[in-house]
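Structural characterization, general
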There are 4 protein chains.
Amino acid sequence: MSNLPSKAHFGSDNVTGIAPEIMAALEAANNGGVASYGEDAMTEGLNARFSDLFETTCRVMPVGTGSIANGLALAAVTPPWGEIFCHEEAHITIDEANGPEFFTGGAKLHLMAGEQGRITADALRAAATRYSRDDVHHPLASAVSITQATETGTLYSLDQVGAIGDVAKAEGLAFHMDGARFANAVAALGCAPGDLTWRAGVDLLSFGATKNGCMAVEGIVLFNPSAERVGRLARLHKRAGQLYSKMRFFSAQLEAYISNDNWLNWAGHANAQAARLSAGLADIPGVSLDSPVEANEVFCRLPQASYDAIVAAGIGTYPLSDKGDGTGSIRFVCSFNTEAEDVDRLIAAAREGAS
Amino acid sequence: MSNLPSKAHFGSDNVTGIAPEIMAALEAANNGGVASYGEDAMTEGLNARFSDLFETTCRVMPVGTGSIANGLALAAVTPPWGEIFCHEEAHITIDEANGPEFFTGGAKLHLMAGEQGRITADALRAAATRYSRDDVHHPLASAVSITQATETGTLYSLDQVGAIGDVAKAEGLAFHMDGARFANAVAALGCAPGDLTWRAGVDLLSFGATKNGCMAVEGIVLFNPSAERVGRLARLHKRAGQLYSKMRFFSAQLEAYISNDNWLNWAGHANAQAARLSAGLADIPGVSLDSPVEANEVFCRLPQASYDAIVAAGIGTYPLSDKGDGTGSIRFVCSFNTEAEDVDRLIAAAREGAS
Amino acid sequence: MSNLPSKAHFGSDNVTGIAPEIMAALEAANNGGVASYGEDAMTEGLNARFSDLFETTCRVMPVGTGSIANGLALAAVTPPWGEIFCHEEAHITIDEANGPEFFTGGAKLHLMAGEQGRITADALRAAATRYSRDDVHHPLASAVSITQATETGTLYSLDQVGAIGDVAKAEGLAFHMDGARFANAVAALGCAPGDLTWRAGVDLLSFGATKNGCMAVEGIVLFNPSAERVGRLARLHKRAGQLYSKMRFFSAQLEAYISNDNWLNWAGHANAQAARLSAGLADIPGVSLDSPVEANEVFCRLPQASYDAIVAAGIGTYPLSDKGDGTGSIRFVCSFNTEAEDVDRLIAAAREGAS
Amino acid sequence: MSNLPSKAHFGSDNVTGIAPEIMAALEAANNGGVASYGEDAMTEGLNARFSDLFETTCRVMPVGTGSIANGLALAAVTPPWGEIFCHEEAHITIDEANGPEFFTGGAKLHLMAGEQGRITADALRAAATRYSRDDVHHPLASAVSITQATETGTLYSLDQVGAIGDVAKAEGLAFHMDGARFANAVAALGCAPGDLTWRAGVDLLSFGATKNGCMAVEGIVLFNPSAERVGRLARLHKRAGQLYSKMRFFSAQLEAYISNDNWLNWAGHANAQAARLSAGLADIPGVSLDSPVEANEVFCRLPQASYDAIVAAGIGTYPLSDKGDGTGSIRFVCSFNTEAEDVDRLIAAAREGAS
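Residues numbered from 1 in each chain as written. Chains lettered and ligands numbered in written order. Predicted model: local features only at pLDDT ≥ 70, side-chain atom pairs only at ≥ 80, totals over all residues. Heavy atoms only, no water.

By the definition in use, this model includes 48 salt bridges over all chains. One salt bridge in this structure joins B:Lys108 and D:Glu101, with 2.8 Å as the shortest N-O distance. Taken together, the positions of B:Lys108 in strand β3 (residues 108-112) and D:Glu101 in helix α5 (residues 99-104) put the pair across two chains. Across the pair, exposure class does not vary: B:Lys108 and D:Glu101 are buried alike. Here B:Arg351 and B:Asp283 are joined by a salt bridge, their closest N and O atoms 3.6 Å apart. (Salt bridge = Lys/Arg side-chain N within 4 Å of Asp/Glu carboxyl O. Helix = DSSP H or I, 4+ residues; strand = E, 2+ residues; numbered from the N terminus. Buried < 20%, exposed > 50% of the residue type's maximum accessible area, 1.4 Å probe, protein only.)

Structural alignment of chain A on chain C gives an RMSD of 0.0 Å, achieved by rotating through 180° and translating 0.0 Å along the axis. Those values place the two copies in the arrangement expected of a two-fold rotation axis. Ranked by how close their C-alpha atoms come to the rotation axis, the residues of chain A are headed by A:Gly106, at 2.4 Å. With an isologous cut-off of 70% or more, the 100% of interface residues of chain A that recur at the interface of chain C puts this contact in the isologous class. (Least-squares fit on C-alpha atoms with pLDDT ≥ 70 in both. Contact = heavy atoms within 4.5 Å.)

Residue and element names in this part refer to chain A. The pLDDT averaged across chain A works out to 94; a share of 96% of its residues lies at or above 70. In this model residues 1-6 is a low-confidence stretch, pLDDT under 50, and it forms 18 contacts with partners more than four residues away in sequence or in other chains. Note on the complex model: pTM 0.96, ipTM 0.95. (pLDDT = per-residue confidence, 0-100.)

Once that is clear, we can look at the sheet that holds strand β3 (residues 108-112) of chain A. Residue and element names in this part refer to chain A. Strand order in the open sheet made by the seven strands is β1-β7-β6-β5-β4-β2-β3, with mixed pairing throughout. Taken across any chain shown, the strands that pair with only one partner, and hence form the sheet edges, are β1 (58-63) and β3. With strand direction ignored, the average angle separating the axes of adjacent strands in the sheet is 25°. The sheet strands contacting helix α11 (residues 248-258) are β1, β6 (204-208) and β7 (218-223), and the helix crosses β6 at an angle near 85°. (Pairing = 2+ DSSP bridges. Axes fitted to C-alpha atoms, helices over the stretch in contact; angles between N-to-C directions.)

What follows is about the side chain of C:Lys246. Within the element layout of this structure, C:Lys246 appears in the loop between α10 (227-239) and α11 (248-258). As a buried residue without a salt bridge, C:Lys246 has its nearest oppositely charged side chain in D:Glu218, at a separation of 8.3 Å. Separated by 2.7 Å, the side chain of C:Lys246 and the backbone oxygen of D:Thr210 make a polar contact. Leaving out residues up to four positions away in the same chain, C:Lys246 has contacts with D:Asp13, D:Asn14, D:Thr16, D:Gly17, D:Thr210, D:Gly213, D:Cys214 and D:Met215. (Lys, Arg positive; Asp, Glu negative; His and termini not counted. Polar contact = N/O pair within 3.5 Å; in protein donor to acceptor, adjacent residues only side chain to side chain.)

All names here are of chain A. When cut into domains, chain A gives domain 1 (6-14 + 262-354) and domain 2 (22-261). Just the C-alpha atoms count here: the centres of domain 1 and domain 2 sit 28 Å apart. Each partner contributes to the interface: domain 1 provides 21 residues, whereas domain 2 provides 30 residues. For the pairing of domain 1 and domain 2, the buried interface totals around 2,100 Å² over both sides, and the portion due to carbon and sulfur atoms is 51%. When the area that domain 1 buries against domain 2 is broken down by residue, the three leading residues are Asn-262, Trp-263 and Glu-294, summing to 35%. Where domain 1 meets domain 2, there are two salt bridges. Taking the shortest distance from any N to any O, the salt bridge between Arg-181 and Glu-297 comes out at 3.5 Å. Connecting domain 1 to domain 2 are 15 residue pairs in polar contact (both at pLDDT 80 or more). (Domains from an automatic or database assignment. Buried area = accessible area lost by both parts, 1.4 Å probe.)

Both trends apply: most residues other than glycine have a negative phi, and most peptide bonds are in trans. C:Ala149 follows C:Gln148 through a cis peptide bond whose omega is 5°. With respect to the helices, strands and loops of the structure, C:Ala149 is situated in the loop between β4 (140-147) and α7 (158-171). Positive phi values are uncommon outside glycine, yet B:Gln116 reaches one of about 55°. Here B:Gln116 lies in the loop between β3 and α6 (121-128).

All right, on to the sheet that holds strand β2 (residues 82-87) of chain D then. Residue and element names in this part refer to chain D. Read across the open sheet, the seven strands follow the order β1-β7-β6-β5-β4-β2-β3; overall the sheet is mixed. Each end of this open sheet is capped by a strand with a single partner; those strands are β1 (58-63) and β3 (108-112). Each neighbouring strand pair of the sheet contributes to a mean axis angle of 25°, computed without reference to strand direction. The strands that helix α2 (residues 41-54) touches are β1, β6 (204-208) and β7 (218-223); relative to β1, the one it contacts most, it runs at about 120°.

The next thing to look at is the packing of aromatic side chains. Per the stated rule, a full pass over the model turns up 65 aromatic pairs over all chains. Arranged with centres 5.8 Å apart and planes meeting at 50°, the rings of B:Trp266 and B:Phe336 form a pair that is tilted. Of this pair, B:Trp266 sits in helix α12 (residues 262-282) while B:Phe336 is found in the loop between β11 (327-333) and α14 (340-354), placing the two residues 70 residues apart along the sequence. When sorted by exposure, B:Trp266 lands in the same class as B:Phe336, which is buried. Grouping aromatic residues by their ring pairs yields a cluster made of A:Phe50, A:Phe54, A:Phe182, A:Phe207, A:Phe223, A:Tyr257, A:Trp263, A:Trp266 and A:Phe336. Positioned over the ring face of A:Phe102 is B:Arg239, at 3.8 Å from the centre of the ring. (Phe/Tyr/Trp six-rings, centres within 6.5 Å; stacked < 30°, edge-to-face > 60°. Lys NZ or Arg CZ within 6 Å of the ring centre and 35° of its normal.)

Taken together, the 22 residues of chain A in the interface contact 22 residues of chain C. The largest contributions to the chain A side of the interface with chain C come from A:Ile94, A:Asn98 and A:Lys108, which together make up 33% of the buried area. The interface formed by chain A and chain C includes four salt bridges. Residue C:Glu89 is joined to A:Arg130 by a salt bridge in which the shortest nitrogen-to-oxygen separation is 3.2 Å. The interface formed by chain A and chain C contains 18 residue pairs in polar contact (both at pLDDT 80 or more). Counting residues per element, the ones that place at least two in the side of chain A that touches chain C are α4 (91-94) and β3 of chain A. Top element by residues in the side of chain A that touches chain C is α4(A). It accounts for three residues.

All names here are of chain B. Following both chains from N to C, one finds helix α2 (residues 41-54) and helix α11 (residues 248-258) inclined at 25°, their axes separated by 9 Å at the closest point. Relative to α11, the element α2 is oriented roughly parallel. Read as a crossing pair, α2 and α11 show a hand that is left-handed. Here Met-42, Thr-43, Leu-46, Arg-49, Phe-50 and Leu-53 of α2 lie close against α11, whose contacting residues are Arg-248, Ser-251, Ala-252, Leu-254, Glu-255 and Ile-258. Within the contact of α2 with α11, the residues separate by chemical class into seven nonpolar, two polar and three charged. (Parallel < 35°, antiparallel > 145°, perpendicular 65-115°, else oblique. Left-handed = near helix turned anticlockwise from the far one by under 90°. Nonpolar A, V, L, I, M, F, W, Y, C, P; charged D, E, K, R; others polar.)

Below, the structure is given as structure tokens:
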């Protein structure tokens, strides 16, 4: 894959760099002689900052990647003989190289179909009640994990999250939210982050930051933090090699990320560019959307010629997934620093290729 | 633990910040639109850079912490029914919260005594040949891991490493080196990095960088990289959540770290400060060294009053480990940015307290 | 559940006792002073006996349960980042309490739909080629496991097994057969055991014996036994606590089981009783089969009143699975010692209840 | 290793057969049509029988081998980040192929020296208090495991067990007893089984039966059975493939084993033969004991010629472990059916060889 000198890359929200505010936070944190291994003031203060942000007492543990956040969150609430319900296209089952099985010590992922990347409360209830909880032959229904925003760029509404939370509570399941793009969801829904999580029944959130301007940090947010669960998560976190000695550089990123509504502003910008892009693509002949655009990703079908024109225009993108009929599927992702003019260039190239 | 505004902290080489050259490298890497997930040019070029540095074809995989580097390196060469020989004070058994057992899927660490933090080739041979390799009742001797520089601040000489390498080869063990302070060892020995590793029989090196000026990165260096071992390590690496999406920020740190002999200059500076410190402490009544000072750490015994004076002088330090007779044990660590005047202040305070 | 003095129990093929030939073999093996831990002559001779039976060089390792046989067989051929393809109703995913995940160190089971309990070669090909084998993000397609006879009492034909074997070979998958009721399959198909296994591409077979007259033993049969795979399986076997010290009592059971075509005669008898049962139920109003009866199990739908009559007649059975419309689903299993008159009594009771 | 037609084998207490009372119990249990999977009356009654035997409410779970009993017992009480204290010659670390690490999901065994195969309460206290329980860097002290009778044929006195129990309680450790030869210990000490276990602080006992006349069964005995611990053990038991479908054959063995004081009578006989043997060997020149003989094993040093004479006499034995000076070490084990005349033959041969 070529390296682009510009920010014009729509393949992933990971290929962009770090937001200036985050770089500045790293530099500010780079003073000498504070305690190592998470005992610095910034890391200690992060719990208070996140409790304010979510309007409830919670704990946050920085980790290096979303995969680790997911694996550890699930391990905190799932025994090795447990079962975790998730969508069949969930990142945790497709893209984490059996990470959840690794971190939990062998729990099973129970995959569920669902339109537009969402599982439903009814389907969850049926799946979770399939086995008696007392029958040791079967996996023990332990947790449900949903991705918000989903892997297909859609959103669960507050009611949909709450409905799943109700089932989780009724069936004794822990409720995990993979929030790699949580910021985009909150920005799109315009709700309070607490509304989308603990008030809707969520127990643990993988709070994504890397895709939205940070360097390499995600937070595991634990709501209703019992001493038992906090202790368990701390043990799992250390064992997974996540107790960074210079933890303040991770905490500093998270602190700057949630300051001044940076996270929401950046995500909102990304969402807006995705809306701009999907609107622009909408009336190009031969182009169609594969999924509703509800956050910062556009999944669409393009003529091969449109794709070729986009590449020729020097716009970074992932490969087209050939459908064998002269068209292919592709995902365009907009980021905190995607520029409108690059969106327009992409649209223009697509239009040109389609004509 | 108090936060110090100065760099005067001798508790750990993790409490210092990031070297300016590394911060600059992060900023330089922060341009927009390169491929994510390790496919960028810098990450691809890192193998060549490390091959030059070690004067042999090798592969390097960036990870977030030394614990992960150790765990994955050992997992690459040890089956779940395997046994790993190491010193009884090894970081991998004391401070990694059963990380090696986790990453390997249940391998056993076989602890060995050894003076001054070093295991000997003879002791290794005896331990590794205790069981028949064909008897499935017993763990299978699979790997040996030594720490260079050791956990007590000493060094294995080139000959000592080579002797262990000879035993490893003869007994069919993989040879791992935990090089959290590898730079300090190379700087102190004044040898080529290849002499201390692959030429002496080392198969995998946890190449430390975080303690010596980087933010949060270590490299797993694989010598004699067979396709099978490279593939296995890649799978383990991803499963452990180490395939960072913005990998270039990790690669950029490593690239800057090994450029211009930065790593050796910084480590050499740290070693020199430790030598200065131990020389200064040497003639203070009531102060004695617990271990030879061969790299950047000083393990010593202090009168309580000396410790109190050091703390009162505003110098950062870990707690004194009380011996119950008015003295205690303590470790002082010097870093890439430890200033000589702070070393002298520490010495002066210790002397004052002892008088 | 009540204890019946008679053999009239159709709930499972596990509830019957041990065949007299097997008890006799245990008694014969009970002489004093042979070597322990599998080194006795009988255990050593078992490889030759099974090689004769399957008409190819193979290795057999006795284990205590089918779950362990499945878990260890899969662990021998699947890395922790691997994926195992199986039917969504497979015993390995429904009834083994995450045993496969445990024994493999975290491999994932990829569930596939399929009519009448069978997966198809085409569906397997599609599933196994979904991901690139070189992309570490995704689980590595490693193995396929089919159950013969299936969990719904049906059979794969020789051609169907062979077709799956062809796909497995083409896609680099190991091919495991869960043969808890392998005897019933071979008896029903009237083929050579080698035709149904290695000649059709099967690499490992969980050779069931407990359900067909033995006390507690299954054999893991390894075809094309490479030294590497034999060694790996031996290590896994011991680690799982399966190296029984008095191994000859397990070997003696297997030896008697395959002697004089006992296994086939007993299974053939069980199949014949199931055929008798399904024929007798076929013309009872309100009774219908849920699945074709191809081996020794009858899955059917019964009126509640028929079920009640069966129970009242003192015939052992599992509970009826209530469909909410006055009928329910149930499984009747026939065993090596099921008596025709008990089959007839069951039919008569069912008929009486339905009138 | 040759097969002997007689019972004259002193290599292991596993090489003998099954006691007639146990075979009879298997035959009696072999009636048709009882429920499978542990739901039969005998299995359900076993808890009551063991509660009577130990004079306290306890639960017993049959398993196939001592290794599985140990692994599951430890897994019930040890998290993956936990540490288990045991003797450096403990079976769980030497002979179980990393079974404890497997069943616990990666716990660490902390090996301790101790004379005559016994760890001391003082050494345990020091080891268990080495780390702060709140420091996540270090393994969490979770359990202590002692073997009774020990691997060197000695015994812990009731006071010694109680002292360890006191430390375990004070330091928050679960207390496991590997009782592969528990019967020999109880017979030798002449105490109540409850005195040697729960009254002395033991939480879980691997209750050995295979070495003392049974075919292949051990019991995990759980004292003070909380619902949480019972449930956890049941899940681990099933996942390890130990929920035998014809469980009654395992339960029947245990039931017959503890009936009529069989277990104690048989163990007492074995102990007496060992005493006879050691007394006979004691005055043979060149023969010395390596360990006190307190149960049913004799560890001694023999001249090579004595060993040769023993073998020539047709007495089964393990190989001599050559000391390089014309002598070697060897273990002789006496069993429930060792005949005094065979003991005398062994002594005579040893004496002959030594002259």
